[in-house]
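Listed below are the residues making up each chain.
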Amino acid sequence: MTVPRRPGPAGAHPAGTGLVWYAAYGSNMHRERLASYLAGGRPPGGARACPGCRDGRPPGRSLPVVLPGLLYFATESPVWTGGRAFHDPDADGGTPAQAHLLTVSQFSDIAAQEMYREPGADLDLSEVLARGRARLGPGRYETLVCPGLLDGLPVLTFTAPWRSGEVEKVPPSAAYLRHLASGLTVSRGWSADRAARFLAGRPGAEGHWTPGAVAALLERAG
């Protein structure tokens, strides 16, 4: 198992490569779920199908990373029901994520699908690469974040524009937690107990889900 890495300091990145690292901290940590966004289709446990990307190829590489900030659950997902996973890059802590090496067009199309927009146009990444943050809209997953570079390429993710303390927390559904826990065990080699303890302790899940209940979801899935 590759040792998780933290993105290095932001700075100039190679121009013209057309490649970025997409740091997935939610259901897209799992490559099977990511495949639904890339190639299209309905993910296991999901309530709706994804249109897919213009380029449906799998990532060039995938490796574990740790994003600075907090993972929490809020709003209501029409795909999974229950709270969605969000990342607060300004909060204390560390968020485990899986960095997927993608083309700019692939990242743009995945972001569009997360924003419930039609994929098909490349995003202008100039602001997020220059400032580390770019707000594309007011809704969930419409704020781009660049925490730094990895192997000389920018690491990008998306989240909500609000801080974790500014929104009501919503407990995640069993199907969603099962997928997140599976993503942590498959992508990072975590035990079921470790993944369960982590997820049950996140704001939104804490007080509604116990580590034992989350671990049981993985046992039933197996």
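You'll find the structure just up there.
Conventions used here
- Residues numbered from 1 in each chain as written.
- Predicted model: local features only at pLDDT ≥ 70, side-chain atom pairs only at ≥ 80, totals over all residues.
- Heavy atoms only, no water.
- Helix = DSSP H or I, 4+ residues; strand = E, 2+ residues; numbered from the N terminus.
- Rg over C-alpha atoms; globule rule 2.2 N^0.38 Å.
- Buried < 20%, exposed > 50% of the residue type's maximum accessible area, 1.4 Å probe, protein only.
- Areas by Shrake-Rupley, 256 points an atom, 1.4 Å probe, with all protein chains shown as cover.
- Lys, Arg positive; Asp, Glu negative; His and termini not counted.
- Charge placed at Lys NZ, Arg CZ, Asp CG, Glu CD.
- 1 Å grid on protein atoms, 1.4 Å probe; cavity = no way out; pocket = protein on both sides within 12 Å on 5 of 7 lines; lining within 4 Å.
- Points joined across faces, edges and corners; volume = space filled by probe spheres on them.
- Nonpolar A, V, L, I, M, F, W, Y, C, P; charged D, E, K, R; others polar.
- Contact = heavy atoms within 4.5 Å.
- Axes fitted to C-alpha atoms, helices over the stretch in contact; angles between N-to-C directions.
- Parallel < 35°, antiparallel > 145°, perpendicular 65-115°, else oblique.
- Expected span 1.5 Å × (residues − 1).
- Core = buried A, V, L, I, M, F, W, Y, C linked by side-chain atoms within 4.5 Å.
- Pairing = 2+ DSSP bridges.
- Salt bridge = Lys/Arg side-chain N within 4 Å of Asp/Glu carboxyl O.

(A) Highlighting the overall build of the chain. When its secondary structure is counted, the chain shows 6 helices and 8 strands. In terms of overall dimensions, the chain is globule-like: its C-alpha atoms have a radius of gyration of 16 Å, near the 17 Å expected for 222 residues. Burial analysis of the chain (222 residues in total) assigns 54% to the buried set. About 9,400 Å² of surface is accessible on the chain, with carbon and sulfur atoms providing 51% of the total. Charged side chains of the chain number 23 positive and 19 negative; the gap between the two group centres comes to 3 Å.

(B) Broad picture of the layout of surface pockets. Roughly 410 Å³ of internal volume is contained in the largest pocket. Contributing to the lining of the largest pocket are 28 residues, with Arg33, Tyr37, Gln113, Glu114 and Tyr116 lying nearest its centre. Those elements giving two or more residues to the lining of the largest pocket turn out to be β1 (19–24), α1 (31–39), β4 (84–88), α2 (104–114) and β8 (153–159). In terms of residue class, the lining of the largest pocket is built from 16 nonpolar, 6 polar and 6 charged.

(C) Representation of α2. When you tally the buried positions in α2, you get 11 out of 11 residues, the bulk of the element. Of all the positions in α2, only Val104, Ser105, Gln106, Phe107, Ser108, Asp109, Ile110, Ala111, Ala112, Gln113 and Glu114 are classed as buried. Buried residues belonging to α2 abut β1, α1, β5 (94–103), β7 (143–150) and β8. Backbone geometry just downstream of α2 places Tyr116 in the positive-phi region, at approximately 60°.

(D) Spatial organisation of the packing of α1 against α2. Relative orientation of the contacting elements α1 and α2 amounts to 100°, with a least axis distance of 9 Å. Relative to α2, the element α1 is oriented roughly perpendicular. For the pair α1 and α2, contact is made by Leu34, Tyr37 and Leu38 and by Gln106, Ile110, Gln113 and Glu114, respectively. For the contact of α1 with α2, the per-class residue count stands at 4 nonpolar, 2 polar and 1 charged.

(E) Structural view of helix α4 (residues 174–188). Between its first and last C-alpha, α4 extends 21 Å over 15 residues, near the 21 Å set by a 1.5 Å rise per residue. Those residues of α4 that fall on the buried side of the exposure criterion are Tyr176, Leu177, His179, Leu180, Ala181, Ser182, Gly183, Leu184, Ser187 and Arg188.

(F) Unusual backbone geometry, seen in detail. One non-glycine residue, Thr81, adopts positive backbone phi at about 65°. Overall, the relative accessible area of 43% leaves Thr81 in the partly exposed class. Positive phi, close to 65°, is recorded for Tyr141, a residue that is not glycine. Within the fold, Tyr141 resides in the loop between β6 (133–135) and β7. With a relative accessible area of 7%, Tyr141 lands in the buried category.

(G) The arrangement of the nonpolar core in detail. Counting residues in hydrophobic clusters, the biggest one holds 61 residues, and the most contacted among them are Ile110 and Leu199. For Ile110, the residues in contact, after removing those within four places along its chain, are Tyr22, Asn28, Leu34, Tyr37, Leu38, Cys53, Leu102 and Phe158.

(H) Main features of the sheet that holds β6. As summarised here, the arrangement of the 6 strands in space is β2-β5-β1-β8-β7-β6, forming an open sheet in which the pairing is mixed. Strands with a single pairing partner mark the edges of an open sheet, and in this sheet they are β2 (62–68) and β6. Going across the sheet, the axis of each strand differs from the next one's by a mean of 35°, ignoring polarity. Judged from the 3 bridges that link them, β6 and β7 form a sheet pairing that is antiparallel. Paired with Ala134 across the bridge in β7 is Leu144. On the sheet, α4 packs against β2 and β5 and is oriented at approximately 70° with respect to β5.

(I) Main features of the pattern of salt bridges. Taken as a whole and judged by the stated rule, the model has 8 salt bridges. In this structure, the salt-bridge partner of Arg54 is Asp122, at a minimum N-O distance of 2.7 Å. One end of the pair, Arg54, is in the loop between α1 and β2; the other, Asp122, is in the loop between α2 and α3 (126–131), and 68 residues separate them in sequence. We classify Arg54 as partly exposed; its relative accessible area is 45%. Measuring nitrogen to oxygen at the nearest pair gives 3.3 Å for the salt bridge that ties Asp151 to Arg61. Taken together, the residues span a long stretch of sequence, with Asp151 in the loop between β7 and β8 and Arg61 in the loop between α1 and β2 at a distance of 90 residues. Among the residues examined, Asp151 registers a relative accessible area of 46% and is labelled partly exposed. Residue classification places Arg61 among the partly exposed positions, given a relative accessible area of 40%. Each of Arg54, Asp109 and Asp122 takes part in salt bridges that share partners, so that together they form one network.

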